[in-house]
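For reference, the chains in residue letters:
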Amino acid sequence: MGKLSESMCGCLCKVKEDGFMDKSSIVRHLWKCSPILVPYDADSNHEPCCKLGHKAHWAVITGFLIGKDVSVSEAMPKDSKQDDIIQNLYHLAPLQFSAWQDGFLSPGDCLYVLAKQGKSEHLQAWLYDDLQDSNKQLLFVDPERTKDSDNYVIPDEGIEAVLANKVVFLSKRT
């Protein structure tokens, strides 16, 4: 997918091994308005599921939401802005990444990613942990898909070696 993105979109791609293990690197990349491609098993509603790779698809991640476990006003950086309509929604200002270095993402926080799967018309908010679990268990190709080599690209080394625990960071060429 990285090579296809580079050739079709003219962007730079970097495949990250164990990409989901470091939440802050995922969030930092998204904060720069740079998308991430993620292989995962897609359920019938396009949300992440765990089918051992039998429902493997790609999603593009374009943003994130953080559910804070404490008083929102106390947890937000001082240059964030409260939403005009939704009382407990705050918009982060385009600030430096010092907020992350200061422990802005706490262990009790709930991280969601904003994702779009190719077959869906809707942007969805998925729990980061659900997408991580789905991504790391991509082990086998659905036997029905192996019969249909005209419509699916199946790597010789298997999907576990090529897809499991990997994400593709996309960024603009400078």
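Refer to the preceding data block for the structure.
Below or above, wherever it landed, is the structure these notes cover.

About the thresholds
Residues numbered from 1 in each chain as written. Predicted model: local features only at pLDDT ≥ 70, side-chain atom pairs only at ≥ 80, totals over all residues. Heavy atoms only, no water. Core = buried A, V, L, I, M, F, W, Y, C linked by side-chain atoms within 4.5 Å. Buried < 20%, exposed > 50% of the residue type's maximum accessible area, 1.4 Å probe, protein only. Helix = DSSP H or I, 4+ residues; strand = E, 2+ residues; numbered from the N terminus. Contact = heavy atoms within 4.5 Å. Pairing = 2+ DSSP bridges. Salt bridge = Lys/Arg side-chain N within 4 Å of Asp/Glu carboxyl O. 1 Å grid on protein atoms, 1.4 Å probe; cavity = no way out; pocket = protein on both sides within 12 Å on 5 of 7 lines; lining within 4 Å. Points joined across faces, edges and corners; volume = space filled by probe spheres on them. Nonpolar A, V, L, I, M, F, W, Y, C, P; charged D, E, K, R; others polar.

Residues I26, I36, V38, I61, W126, L131 and V167 are the most contacted members of the largest nonpolar core, which totals 20 residues. Among the elements of the structure, α2 (23-31), β2 (36-42), β4 (56-67), β7 (110-117), α5 (128-136) and β9 (166-171) are those that each provide at least two residues to this core. V167 has contacts with K14, V15, K16, G19, F20, I26, I36, L37 and V38, leaving out every residue within four places of it along the chain.

Bringing the pairing of β4 into the picture now. Pairing of β2 with β4 involves six bridges; the strand directions are antiparallel. Within β4, the position partnered with Y40 by the bridge is H57. Summarising the sheet, β4 and β7 pair through eight bridges and their orientation is antiparallel. Within β7, the residue paired with I61 across the bridge is A115.

What follows is about the pattern of salt bridges. By the definition in use, this model includes three salt bridges. For the salt bridge of E17 with K166, the shortest nitrogen-to-oxygen distance reads 3.3 Å. Of this pair, E17 sits in strand β1 (residues 12-17) while K166 is found in strand β9, placing the two residues 149 residues apart along the sequence. In this structure, D129 and K23 form a salt bridge, with 3.7 Å as the shortest nitrogen-oxygen distance. Of this pair, D129 sits in helix α5 while K23 sits in helix α2, placing them 106 residues apart in sequence. On the basis of relative accessible area, K23 is assigned to the partly exposed category, the value being 29%.

With that out of the way, let us pick up empty space enclosed by the protein. Counting across every chain of the model gives one cavity of 30 Å³ or more. Roughly 30 Å³ of volume is contained in the largest cavity. Lining the largest cavity are D18, G19, F20, M21, Q132, N135, K136 and N165. Considered class by class, the residues forming the lining of the largest cavity number two nonpolar, four polar and two charged.

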